[in-house]
Amino acid sequence: MLISYKWLKDYVDIDLSPAEFAEKMTMAGIIIEHIEYPSDGIEQVVVGEILSVEAHPQADKLKVLQVNVGDKVLQIATGAPNVAVGQKVPVALPGAKLPSGKEIQAADFRGVASCGMLCSADELNIDHSEEGKAGIMILPSDVAVGKDIIEVLGLDDAIMDMELTPNRSDCMSVWNTAKEAAAVLGVKARDIDISFTENKEDIKDYVTISVEDPDLCKRYTAKLVKNVKIGPSPLWMQEYLRCCGMRPINNIVDIANFVMLELGQPLHTFDYQTLAGKQIIVRRAKQGEKIITLDDQERTCHRDNLLICDGERPVCIAGVMGGQNTEVTERTTDILIEAAHFDPVSVRKTSREVGVRSESSARFEKGVDLQRLPAAANRCAQLLAKYCGGEIVGGFYDSNPAELLQTKVLLRPARINQILGTDFSVDDILSTMERLDFPYVEVADGYEVTVPFYRQDVTREEDLAEEVARLLGYDKIPVTLPQGKTTEGKLTPWQKFVDDVLDTSVALGLREIKTYDFISPKEWDRLLLPEDSFYRNVVKIQNPLNEEQSIMRTTLVPGVLNIAALNHSRSNSNVNLFECGATFIPTGEQLPREPMMFTGLVMGKTAEGWQEKAVVKDYFYLKGMVEQFFAYWGITDWQVAASDKYAFMHPGQCAEIFIAGELVGFMGQVHPLVAKNYQLPQAFLFELDLTIIFRHLPIAFAYHPFSKHPAMVRDLALIVDNKITASQVEAVIWAHGGEYLRQVALFDVYAGSQLAEGTHSLAYTLSFQAIDKTLVDQQVNDSVASILSALEAELGVKLRY
C-alpha cells in the first residue's frame, strides 16, 4: 500500500527523516520497501499569473503571454489551447528542471523571445491521465503568485510503499498507520475532529432502508447531504490521493476516497435524486440479475452476490462497485452516503465472479472495523459540507446500533516472557499496551486487555506477546541455542526407495518429466475408457481453475502421453520418458488413497552410431527395461501374463505384471486408436505401483560368490502348443533343472510350415554351473533329461532337436 508521509504527520508528530522513519517501522514489523519523493527533479517552478494573451505574429498556433511570477513579468510563448487572462499556472523559470530531466532555457520562437515555460500536470509528474496531458495545469485562483510549486501542490512529501502482511489489514488506513507509528515512536496520535452542524430535518423522512440479508451485511449506516456543488477538490487532498495511487476526479468522489484511505472504511456515494422510490434495499441477487457498473460494463450476478437496490433495480454490487444508474454526475445536488460492513467471504467471491477488484473490495475482503462505520459516514458528511457547500440532513441511519462487544485477552507477564524467552518487567510489558491504546485492567490471573475493533489480528495471548516483542524490539530477545533432544535428519526407507527409483530410471535411459495432478475428464475419452472403467472413478475439484484441470488423476498415462505428443509435434520422436507421482483413488472416506505410480514410455528408435545401427523400440525393448528395473531391486519372483483389460493398450501386446501373485502394473503397446487420438506414432509404455513393489523388496541383498569353475551350456529347441506361454515353459524348466541350473534364456521363436498346425518352436539356452567343482556331462545330461520329461508330462512339450 502507498501512503503519504506528510499525511501521516497530520496525525502524529514525527521528528525523523522519511528514511529513518521507514527503518523504525520496518524493524517493528510494518515493512516499508521503497520511498519515492514527488518533488524529485523539480527546480525553479513557481506560480505565475497570466496578465495578457496575444497572438504570435509569425505562428497561428502559438500565443505570446505576459506572466507575473512575483518579482518580475516574463514573456512566454506557448501553444497550449486552454490559457486565458487571470489564470494561475505553474511556470518553469529559465534554468528550471523538470522530472523528465528537461532543463528550461530562454528561447526564440520565430522572432519572439520566450523566457520560461508553462507546465502541464503531466510535465510535473503528478498526473498521467489524458486530462493531465491536454493542456496547461490551471491552479486555484487563491494561490500566491511567485510561490514555489512544490509547496503549493504539496509535493514536499515522501510516498512510502508498505508491504503489509495479511493479518495487518488495519494499516490500510492512514489513521491506523499513524496510530501504529505513534506506538512505535512512543508518542500519542491525534484524534480526527469530526464535528459539524446539521439541519433540523430527519434522514428517515428522505429515505427508507432495509437489510434483508443481515448474514451478508452485519451493519449498514447512511447519512444524507443536500445542495452540494460539484467541482475540484482542494489541492492538498488531490495530492494526498495521488500519493496513495488514486487519481483525483471531483470533490464528491475525492472526499469518499479520502475517507476510505484515512479511516480504512470504504464508502459509496449515491445520487439521491436517482434512487427510485427513495429506498435502499440490501438483498441477495436474483440468479442472472444484471447491473451496469460505473465502468460501463454489464455484470451478471448470481444468487450468492449481495446487491444494494432501490425501489426498482440494483444500484450497486455490495462492496465491489457502484452502478451507473445512481452515479454522481455534474448534475448531482444531493448525496446519500453509505458506510457498511459486508461479509468478507461474500465480497471476495463476488469480486472474483464479476471480474472486478477495487480498493473497496480489497478492504472488505480483509474485514473492516464494525465500530467505525458511523465515524466514516459522518467524516464524509463533514467534508462534503466543508468543501462542497453541502447541507447535512439531521439524523443517522444505522441497521445495528447496539453496542458491539470487543475482544478481551488475558495477559500474563510471566507467560509473555516464557513465549518470547525474555525477562521483560511488568512495567515494560504494560507500557506496550498503553502505547498501542489497548486498555487493560488487573484481574486475578494477570491483566485483561481490551483490543480495539480495528486490530482484528489480536485474539489471543500469543498475539499480545508479538506486540510486546515488536515494540520493545526484537533485538532485545536474547540469542540462545536450541535445547532438548536432537535427532538425525534422514530420509525414511520409503523416501530412499523413491529417490533410488528415480536414479535407476535415469540409468535405464529414461528422462524424467513432471505433470499436473489435475487433469481434464476428456482424457478418459481419448483413452477409449468405457463408462464403468475403474479409472473414471475420480476425485473432483470443487473450485477448479478451468475445465482442463477439474479432476485428480487416477493414472499417470494421460500426462505421459501428452508430453510424448508435445515432443513428437516438435520433431522429437525418439524419446524415453518416465514420471513418478501420486494418483488419487476415492475410498468413500474424507481422503482418497494415493498410490505412488511409476510410468515409462518409449517411442521411435535408439541412437545410431558408426559402429551400431539404430534399433526400433518395441515391446521387447520395453520389457527389457522392466526386467533390468526388477533385477536392480533383487526382485526375482515376478511374472507376466497376457491381458486385454486395459482399453488404451493394444489387446495383443499387453501384459499384466505380478510379484508373488500380486498385481503391480502392466506393460505393452499403446492402442493404435489411442495413439492416433494423441497424434503419436507407435509407442510402448508401462505403469508400476511403487507402493506395492516397496512391500516386496528383499529385506537384505545376499552376496553370492562367483564360481571359479566353467559353466556347461545346453541348447534346447522345444515344440510348444500355441496356448502355452513361455513363462509356463520357463517355470517347469526352473522347477526341474536341479541345483546347478543358473540361467535360462530364450534366444529364438519360430513358427512355420515345418511344424504342426497350432504349434511353434521356442529355443532356450540353459547354463549349468557349480560353485565348488567342475560339472561332468552326465550331471548336466541328467538335469536336461529331467527337464524334458517334466515338460512333456506337464505341458505336452516335446524336443524338436
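Let me sum up the structure you'll find in this document.

Definitions and cut-offs
- Residues numbered from 1 in each chain as written.
- Predicted model: local features only at pLDDT ≥ 70, side-chain atom pairs only at ≥ 80, totals over all residues.
- Heavy atoms only, no water.
- Helix = DSSP H or I, 4+ residues; strand = E, 2+ residues; numbered from the N terminus.
- Rg over C-alpha atoms; globule rule 2.2 N^0.38 Å.
- Contact = heavy atoms within 4.5 Å.
- Areas by Shrake-Rupley, 256 points an atom, 1.4 Å probe, with all protein chains shown as cover.
- Lys, Arg positive; Asp, Glu negative; His and termini not counted.
- Charge placed at Lys NZ, Arg CZ, Asp CG, Glu CD.
- Pairing = 2+ DSSP bridges.
- Buried < 20%, exposed > 50% of the residue type's maximum accessible area, 1.4 Å probe, protein only.
- 1 Å grid on protein atoms, 1.4 Å probe; cavity = no way out; pocket = protein on both sides within 12 Å on 5 of 7 lines; lining within 4 Å.
- Points joined across faces, edges and corners; volume = space filled by probe spheres on them.
- Nonpolar A, V, L, I, M, F, W, Y, C, P; charged D, E, K, R; others polar.
- Disulfide = S-S within 2.5 Å.
- Patch = residues over 30% accessible without salt bridge, like charges linked within 9 Å, V, L, I, M, F, W, Y side chains within 5 Å.
- Salt bridge = Lys/Arg side-chain N within 4 Å of Asp/Glu carboxyl O.
- Arc of directions from axis to C-beta.

### Re the overall build of the chain
Okay, step 1: If you tally the helices and strands in the chain, you get 21 helices and 38 strands.
Okay, step 2: Relative to its length of 801 residues, the chain is extended, with a C-alpha radius of gyration of 41 Å against a globular reference of 28 Å.
Okay, step 3: Structurally, the chain occupies a C-alpha span of about 125 × 85 × 60 Å along its principal axes.
Okay, step 4: A separation threshold of at least 6 residues defines the contact pool for the chain, and within that pool the share at least 24 residues apart is 69%.
Okay, step 5: For the chain, the accessible area works out to roughly 40,200 Å², and carbon and sulfur atoms hold 50% of it.
Okay, step 6: Between the mean site of the 77 positive side-chain charges and the mean site of the 112 negative ones, the chain shows a separation of 2 Å.

### Observations concerning the pairing of strand β18 (residues 314-317)
Okay, step 1: Where strand β17 (residues 306-309) and β18 come together, three bridges link them in antiparallel fashion. From the neighbouring strand, Cys-309 faces β18, where its bridge partner is Pro-314.
Okay, step 2: Where β17 hands over to β18, the hairpin turn is made up of four residues, counted between the paired strands.
Okay, step 3: Pairing between β18 and strand β19 (residues 321-322): two bridges, direction antiparallel. The residue of β19 that forms the bridge with Cys-316 is Gly-322.
Okay, step 4: Between β18 and β19, which follow one another and run antiparallel, lie three residues, and Gly-319 among them has a positive phi close to 80 degrees.

### Some points on helix α9 (residues 359-366)
Okay, step 1: The buried fraction of α9 amounts to six of the eight residues, a majority that puts the element mostly inside the structure.
Okay, step 2: Looking at α9, one finds that the buried residues are Ser-360, Ser-361, Ala-362, Arg-363, Phe-364 and Glu-365.
Okay, step 3: At the C-terminal side of α9, Gly-367 shows a positive phi close to 95 degrees.

### Observations regarding the pairing of strand β14 (residues 279-284)
Okay, step 1: Direction of pairing for strand β11 (residues 208-211) relative to β14: parallel, over a ladder of four bridges. Looking at β14, one finds that Ile-209 is bridged to Ile-280.
Okay, step 2: Relative to β17, β14 runs antiparallel, the two being bridged by four bridges. Looking at the pairing, Arg-283 lines up with Leu-307 of β17.

### Describing the layout of surface pockets
Okay, step 1: Its volume calculated, the largest pocket comes out at about 2,100 Å³.
Okay, step 2: Forming the boundary of the largest pocket are 45 residues, of which Lys-623, Glu-627, Trp-638, Val-640 and Glu-730 lie nearest the centre.
Okay, step 3: Of the residues in the lining of the largest pocket, the class split is 27 nonpolar, 13 polar and five charged.
Okay, step 4: Reported here for the second largest pocket is a volume of approximately 840 Å³.
Okay, step 5: Lining the second largest pocket are 31 residues, with Val-253, Asn-257, His-268, Leu-294 and Ser-360 sitting closest to its centre.
Okay, step 6: Going through the elements one at a time, α7 (251-263), β13 (267-271), β18, β19, β20 (335-342) and α9 are the ones with two or more residues in the lining of the second largest pocket.
Okay, step 7: Here the lining of the second largest pocket gets four residues from one element, more than from any other, and that element is α7.
Okay, step 8: Its residues assigned to classes, the lining of the second largest pocket comprises 16 nonpolar, ten polar and five charged.

### Some points on the state of the cysteines
Two cysteines form a disulfide when their sulfur atoms are joined by a covalent bond.
Okay, step 1: Applying the stated criterion to the full structure yields zero disulfides.
Okay, step 2: In this structure Cys-316 is not part of a disulfide, and its nearest cysteine sulfur, from Cys-309, lies 9.4 Å away.
Okay, step 3: The exposure class of Cys-316 is buried, given its relative accessible area of 3%.

### Some thoughts on the side chain of Asn-251
Okay, step 1: Tracing the backbone shows Asn-251 in helix α7.
Okay, step 2: Excluding anything up to four places from it in sequence, Asn-251 contacts Lys-229, Ile-230, Gly-231, Pro-232, Ser-233, Tyr-387 and Cys-388.

### As for empty space enclosed by the protein
Okay, step 1: Under the criterion given, the structure shown has two cavities of 30 Å³ or more.
Okay, step 2: By volume, the largest cavity is sized at about 150 Å³.
Okay, step 3: In terms of lining residues, the largest cavity is bounded by 16 residues, among which Ser-169, Asp-170, Gly-264, Gly-367 and Val-368 are the most central.
Okay, step 4: Within the lining of the largest cavity, the residues separate by chemical class into four nonpolar, seven polar and five charged.
Okay, step 5: In this structure, the second largest cavity encloses a volume near 30 Å³.
Okay, step 6: In this structure, the second largest cavity is lined by Leu-508, Leu-510, Phe-598, Met-625, Val-626, Phe-629, Phe-686 and Leu-688.
Okay, step 7: Ranked by residues supplied to the lining of the second largest cavity, first place goes to helix α17 (residues 619-632) with three residues.
Okay, step 8: Partitioning the lining of the second largest cavity into residue classes produces eight nonpolar, no polar and no charged.

### Points about a positive patch on the surface
Okay, step 1: Among the surface-exposed residues, Arg-348, Lys-349, Arg-352 and Lys-366 lie close enough to one another that they form a single positively charged patch.
Okay, step 2: Residue contributions to the positive patch peak at three residues, all from helix α8 (residues 344-354).
Okay, step 3: Here Arg-348 lies in helix α8.

### Quick notes on the pattern of salt bridges
Okay, step 1: Applying the stated criterion across every chain, the model contains 38 salt bridges.
Okay, step 2: Of the charged contacts in the structure, one is a salt bridge between Asp-517 and Arg-553, with a shortest N-O distance of 2.9 Å. Taken together, the positions of Asp-517 in the loop between β26 (511-512) and β27 (518-519) and Arg-553 in the loop between β28 (551-552) and α16 (557-569) put the pair 36 residues apart, joining distant regions of the chain.
Okay, step 3: Connected via shared salt-bridge partners are Arg-168, Asp-170, Glu-180, Arg-455, Asp-457, Glu-467 and Arg-470.

### Points about the sheet that holds strand β5 (residues 73-78)
Okay, step 1: Read across the sheet, five strands follow the order β5-β4-β3-β6-β9 without closing on themselves; strand pairing throughout is antiparallel. Of all the strands in the sheet, just β5 and β9 (117-118) have a single pairing partner and so form its edges.
Okay, step 2: Strand direction decides the pairing type here: strand β3 (residues 43-56) and strand β4 (residues 59-68), joined by seven bridges, are antiparallel. Bridged to Glu-49 within β4 is Asn-68.

### Quick word on α8
Every α-helix carries 3.6 residues per turn, so stepping three or four residues along brings you back to the same face.
Okay, step 1: Every buried residue belonging to α8 is among Ser-346, Val-347, Thr-350, Ser-351 and Val-354, and all of these are buried. Down the axis of α8, the smallest arc covering the buried residues is 130 degrees, so these residues share one side.
Okay, step 2: Considering only its buried residues, α8 is in contact with β16 (298-300), β17, β18, β20 and α9.
Okay, step 3: Just beyond α8, the residue with positive phi is Gly-355, at close to 75 degrees.

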